[in-house]
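Descriptive analysis of the structure
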Amino acid sequence: MATSSTPSELDYRPSYLAAAIVSAVIFVLYLVTLAPSTAMWDTSEYITAAYTLGLPHPPGNPLFVLIGRVFAILPIAKSIAVRINILAAVCSAVSAGMWFLITERVLVSWFAERWQRILGGTLAALIGGTAFTVWNQSVVNEKVYTVSLLGIAVISWLMIRWCDEPDGRKADRTLVLVAYLCGLGYANHMAGMIAAPAVGLAVLIVRWRTVLRWKLLLACAAALFFGITPFAIQPIRAAHYPALNEGEPTACREGLKMSCTMSAGTYDAFMYNFNRGQYGKPELTERQAPFSAQLGMWWLYFKWQWLRDAHSDAPFTQSLLAAMFLVLGLVGGYVHFQRDRRSFWYFGSLMFTMTLALIYYLNFKYGASQAPELSGVNREVRDRDYFYLWSFSAWGVWAALGLVAVWDSVAALISRETVTEGRETYERPTRKGLTIAAPLLALALIPLFTNWTTASRAGQTDTADFARDLLNSVEPYGVLVTVGDNDTFPLWYAQEVEHVRQDVIVANTSLLNTDWYTRQLIRRPVYEYDKANGPAVYRNGTWKKPSGPPLHMTQTQADSVPPYIQLDRPMVFQGGPVKATIDPQRLSIPGVLQRADIFVLRMINDSWNDRPIYLSRTSAGYGQELGLGQYMLTQGLATKLFVPPAVPSKDTLNIPGAGWIDLKRSRTLWDSVFTAPKSLAARHDWVDRPSVGIPYLYVATGLMLAEVLQATGDNAGAAKVMNQARDVATGVKLNDLLAQMQLSNPAAAEQQNPLLVPPSDTQRKTTVPAKP
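Residues numbered from 1 in each chain as written. Predicted model: local features only at pLDDT ≥ 70, side-chain atom pairs only at ≥ 80, totals over all residues. Heavy atoms only, no water.

**Comments concerning the overall build of the chain**
- Assigned secondary structure in the chain consists of 33 helices and 13 strands.
- Over its C-alpha atoms the chain spans a radius of gyration of 29 Å, differing by no more than 12% from the 28 Å that the globule rule assigns to 772 residues.
- Principal-axis analysis of the C-alpha atoms places the extent of the chain at approximately 105 × 65 × 50 Å.
- The buried share of the chain, taken over its 772 residues, is 59%. (Helix = DSSP H or I, 4+ residues; strand = E, 2+ residues; numbered from the N terminus. Rg over C-alpha atoms; globule rule 2.2 N^0.38 Å. Buried < 20%, exposed > 50% of the residue type's maximum accessible area, 1.4 Å probe, protein only.)

Next comes the structure, spelled out in structure tokens:
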């Protein structure tokens, strides 16, 4: 190996052109595998927020909303979703270029020849850019994490350059810029500050006297504050009541006014939103899982990066690849420390912050897919690998350094030469040795091939298809009660971005426990039903447009509804012709009628004569909890509240275990309206198992419909529907579950299966934070 040389001795100049080319190649990879529409979880929420210039869930991510809005109006693609998905691809591709530059810089003290350094940088970009979570999050804009990744990568490159030249006006300007980027990054996500501890440690170690310069510190503080200022738009925008206005950080109730905007009420509402008070995160001292289990979660997700084995088909191979990339990364970290200690103090500290420190700070419960053999432990509602995206991406730098070290060492064993430069004599691998050992570098290609089918989202339209199918299961002007993220956010996207079935009121029980959400339901305009673009099944009907909101209450009256009512005996509810007895022991929290439940009952009472009332079938047994079971009629993916006939008819049947089903409507929806069965059947897997309840709903619907058709003598129709349901099950790998359901009562199996209920990051709670 060559001895260390300083950057000035080698006349180091960053290979910006090579970095740009590598970024472009990574970007093309992301474009080829880009999602053509929205996806599960928060994708729909954030695309909708960007398009409407709205507020996503607290703290609201104002920088992302502003950037996303710019991409939403850029004519770079036909679809709004694709435009915003391209934002994620751009951010990750540019980040890969930053990792290229950092790796190349570290290799300066090692390799004198530029091509070797460029090769090392390319390996870093490739490994980091094709790690599963990085790739999977870069082809759809699920959240804000790729924008955060770009900020962290840019800050890292600036700090590596600062470590080279920590003195002078340019160095000072670099620190001020870094402080500004940290603040700006925080306005995108709290992770914007994740580089700050590493910045501080690097400054203390490399030039500790810098912290004594008060003018520079003051300039950095001012830049940091200025970077956070995008948050200032939130109370202003919230008072304009955009379609997506989560948290509603304003005290204004009748539009934007100076008096209410500059009030204590707005300040309190803003700070409650800013501090994410809605989620009630416990103190760090109150561990939600043993730290060893939290480390185990990170290790599980680290294994995913090199082979996303969703069904444990190749656990040994997955563990072997993870061990190899872990060792390569650790070797790379050691080489970094040995070869370029100045930049190591920053980058090594950053890696510590993004792994061990972040694991401790996030304080997660057991992962959704972690240790499935453990029962009775509290789990996250979904897998949280995206929170570690930054460490997986940056790991590519150290893994590349480790791989280059292995390549260099093996090449030296094959063939070496003695070189004299000035007074120094050292040995290095010959070009022949490097060439013979070069196949080792192909290890960097492993995640590209192992993750191609699992990370790619090319051609996946099923989430948007599901949203349209669920909305179209509801008659015009209906109220649709949903319960989680995945049966709500896609509907917001369909309504506000694609303008599909805006006449339907979507009421999410997880959010009905908050005061701001009920105000928005009351404030929401009544949209005209678009008969021309609606499904043909409703085209010949007469649908009267309601004159007001689904809740006949003022905002003040809605705010006064308590978080819950304690029930110690059965309660009788009557709304319109519906008379239900609510058994306290059947409620999701026994003896507690939550605020959300109160509002659902109130909507039934207030809207019975004006609007059809539906519960999404993703709500599973929620209707039974409220004593509404006998009034529920299945129509496609939703159940309508209705007055049951005295005697079943050929189209309105009472099925044991499932209740009433509108056979004609459900069959028409399945055959002529639904589009998701086809797109789901075209898939090769459903990697994210915590959200598999959505495709499961189609399997259950098809199976139930086929059973009813067969019972009524339509064997051909039953076989057709059954084959379509089987195709969906095959496409998302639910074949085993389908077989189990066929052996039991399909309708009863649906009601009992926990897969059906989509999880939510804002689950209905007993104790709901009071309004500010």
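Back to the text.
**Here's the deal with the state of the cysteines**
- Throughout the structure, instances matching the rule amount to 1 disulfide.
- Between the sulfur atoms of Cys-252 and its disulfide mate Cys-260 the distance is 1.9 Å. Disulfide Cys-252-Cys-260: the torsion about the S-S bond is 100 degrees, which places it as right-handed.
- You can see Cys-163 has no disulfide; the closest cysteine sulfur is in Cys-182, sitting 14 Å from it.
- Residue classification places Cys-163 among the buried residues on the basis of a relative accessible area of 1%.
- The cysteine Cys-220 is free of any disulfide, with Cys-182 supplying the nearest cysteine sulfur at 9.6 Å. (Disulfide = S-S within 2.5 Å.)

**Here's the deal with the layout of surface pockets**
- In this model, the second largest pocket occupies a volume close to 840 Å³.
- Contributing to the lining of the second largest pocket are 41 residues, with Thr-454, Ser-456, Gln-460, Arg-683 and Val-687 lying nearest its centre.
- If you list the elements that add at least two residues to the lining of the second largest pocket, you get α6 (132-138), α20 (452-455) and α21 (462-472).
- Tallied by class, residues from the lining of the second largest pocket come to 14 nonpolar, 14 polar and 13 charged. (1 Å grid on protein atoms, 1.4 Å probe; cavity = no way out; pocket = protein on both sides within 12 Å on 5 of 7 lines; lining within 4 Å. Points joined across faces, edges and corners; volume = space filled by probe spheres on them. Nonpolar A, V, L, I, M, F, W, Y, C, P; charged D, E, K, R; others polar.)

**So, the pattern of salt bridges**
- Counted according to the given criterion, the structure contains 28 salt bridges.
- The shortest N-O distance in the salt bridge between Arg-569 and Asp-568 comes to 4.0 Å. The same class applies to Arg-569 as to Asp-568, namely exposed.
- In this structure, the salt-bridge partner of Asp-685 is Arg-689, at a minimum N-O distance of 3.9 Å. (Salt bridge = Lys/Arg side-chain N within 4 Å of Asp/Glu carboxyl O.)

**Here we look at the packing of helix α1 (residues 16-32) against helix α4 (residues 80-106)**
- Relative to each other, α1 and α4 sit at 145 degrees, their axes nearing to 8 Å. The two elements α1 and α4 cross, and the hand of that crossing is right-handed. Each of Tyr-16, Ala-18, Ala-19, Val-22, Ser-23, Ile-26, Phe-27, Tyr-30 and Leu-31 in α1 lies in contact with α4, whose residues at this interface are Ile-86, Ala-89, Val-90, Ser-92, Ala-93, Val-94, Ala-96, Gly-97, Phe-100 and Leu-101.
- Taken together, the residues of the contact of α1 with α4 sort by class into 16 nonpolar, 3 polar and no charged. (Axes fitted to C-alpha atoms, helices over the stretch in contact; angles between N-to-C directions. Left-handed = near helix turned anticlockwise from the far one by under 90°. Contact = heavy atoms within 4.5 Å.)

**With respect to the pairing of strand β4 (residues 505-508)**
- Here β4 shows a buried face lined by Ile-505 and Ala-507 and a second buried face lined by Val-506 and Asn-508.
- With 4 bridges joining them, strand β3 (residues 479-482) and β4 adopt parallel strand pairing. Its bridge partner being in β4, Leu-480 is matched across the sheet by Val-506.
- Handedness of the β3-helix α22 (residues 489-496)-β4 crossover: right-handed. (Pairing = 2+ DSSP bridges. Right-handed = clockwise from strand over helix to strand, strands pointing away.)

**A look at the sheet that holds β4**
- Here we have 7 strands laid out as an open sheet, ordered β4-β3-β9-β11-β10-β13-β12, and mixed in their pairing. Each edge of the open sheet carries a strand with a single partner, namely β4 and β12 (652-655). Strand-to-strand twist across the sheet, computed as the mean angle between neighbouring axes with direction ignored, equals 30 degrees.
- Where strand β10 (residues 632-635) lies against strand β13 (residues 659-662), 2 bridges are found, and the strand directions are parallel. The partner of Leu-633 across the bridge, within β13, is Trp-660.
- Helix α26 (residues 595-607) contacts β3, β4, β9 (613-616) and β11 (638-641) of the sheet and is inclined by roughly 150 degrees relative to β9.

**Some words on the packing of helix α7 (residues 145-164) against helix α8 (residues 169-188)**
- Closest axis-to-axis distance for the α7/α8 pair is 10 Å, and the angle between their directions is 165 degrees. Here α7 is positioned roughly antiparallel relative to α8, judged by the angle of their axes. α7 and α8 meet at a crossing whose hand is left-handed. Taken together, the residues of α8 that come into contact with α7 (itself represented by Val-147, Ser-148, Val-154, Ile-155, Leu-158, Met-159 and Trp-162) are Ala-171, Thr-174, Leu-175, Leu-177, Val-178, Leu-181, Cys-182 and Asn-188.
- Counted by class, the contact of α7 with α8 contains 12 nonpolar, 3 polar and no charged residues. (Parallel < 35°, antiparallel > 145°, perpendicular 65-115°, else oblique.)

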